[in-house]
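Single-letter residue listing:
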Amino acid sequence: MDLRSPRSLCPPSPRKLRSRLRLPLPGRMTLAVLLGAALFSMLSPGKAHAEFTVCNQTLDVVNLAVGQKVDNADQTDGWWTIGANQCVNVIREELANRYIYLYATDVFGHAILNGSTEMCIDRRRFSIRGIEECWQRGHIAARFVEVDTQEQVRWTYFLTGNSP
């Protein structure tokens, strides 16, 4: 006969149920090892997910277009919308070009970067080959800022309120 505590006809409390559902120590360790391995594989340098990232450190939403050489031809692509204090991966492969070109506007379409390299953009989502004669080809000419990545394979550009 067990005299420690009388058995109740009431169901056990939620606290007692939770304590019964806990994993034994080996299971907890296995779970921790699996989570650690998953985190390590995501952060390992062997497989990078973003090679050119733009971080918007302004208080406004920004629309971004990117220019670069693709197959020995100049190409512009747009648009990425970047919220305040957020980052977006705009080029997902290792960088093959030393120079990347950026054009950014506010939500009203006003340029917020003062660049000197003229390239083509469009009002809607676009991918345009070539940077000559934008107007004649039905596009808009815009002045992009040149970003020198110093021949690195990964680069992050921080867009601030007083960007060049």
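Details of the structure are given in the entry above.
Throughout what follows, the structure given in this document is the object of discussion. Treat the numbers as computed from the prediction; the structure is a model and nothing was measured. (Residues numbered from 1 in each chain as written. Predicted model: local features only at pLDDT ≥ 70, side-chain atom pairs only at ≥ 80, totals over all residues. Heavy atoms only, no water.)

Once that is clear, we can look at the pattern of salt bridges. Applying the stated criterion to the full structure yields four salt bridges. Put simply, Asp148 and Arg98 hold a salt bridge, and the shortest N to O gap is 2.7 Å. Remark: Arg98 occurs in the loop between strand S4 (86–91) and strand S5 (99–105) and Asp148 occurs in strand S8 (residues 140–148); sequence separation between them is 50 residues. For Asp148, a relative accessible area of 28% corresponds to the partly exposed category. Here Arg98 falls in the partly exposed class, since its relative accessible area comes to 34%. For Glu118, the salt bridge is made with Arg143, and the minimal N-O distance between the two is 3.9 Å. On the criterion of sequence distance, the pair formed by Glu118 in strand S6 (residues 117–121) and Arg143 in strand S8 is long-range, its members being 25 residues apart. (Salt bridge = Lys/Arg side-chain N within 4 Å of Asp/Glu carboxyl O. Helix = DSSP H or I, 4+ residues; strand = E, 2+ residues; numbered from the N terminus. Buried < 20%, exposed > 50% of the residue type's maximum accessible area, 1.4 Å probe, protein only.)

We now examine the state of the cysteines. Tallying each qualifying case throughout the model produces two disulfides. Across a sulfur-sulfur distance of 2.0 Å, Cys55 and Cys87 are joined as a disulfide pair. An S-S torsion of about 110° defines the bridge between Cys55 and Cys87 as right-handed. Residue Cys55 is found in strand S1 (residues 52–56), and its partner Cys87 is found in strand S4; the two are separated by 32 residues along the sequence. Owing to a relative accessible area of 46%, Cys87 belongs among the partly exposed residues under this scheme. Covalently, Cys120 is tied to Cys134 through a disulfide, its sulfur atoms 1.9 Å apart. (Disulfide = S-S within 2.5 Å.)

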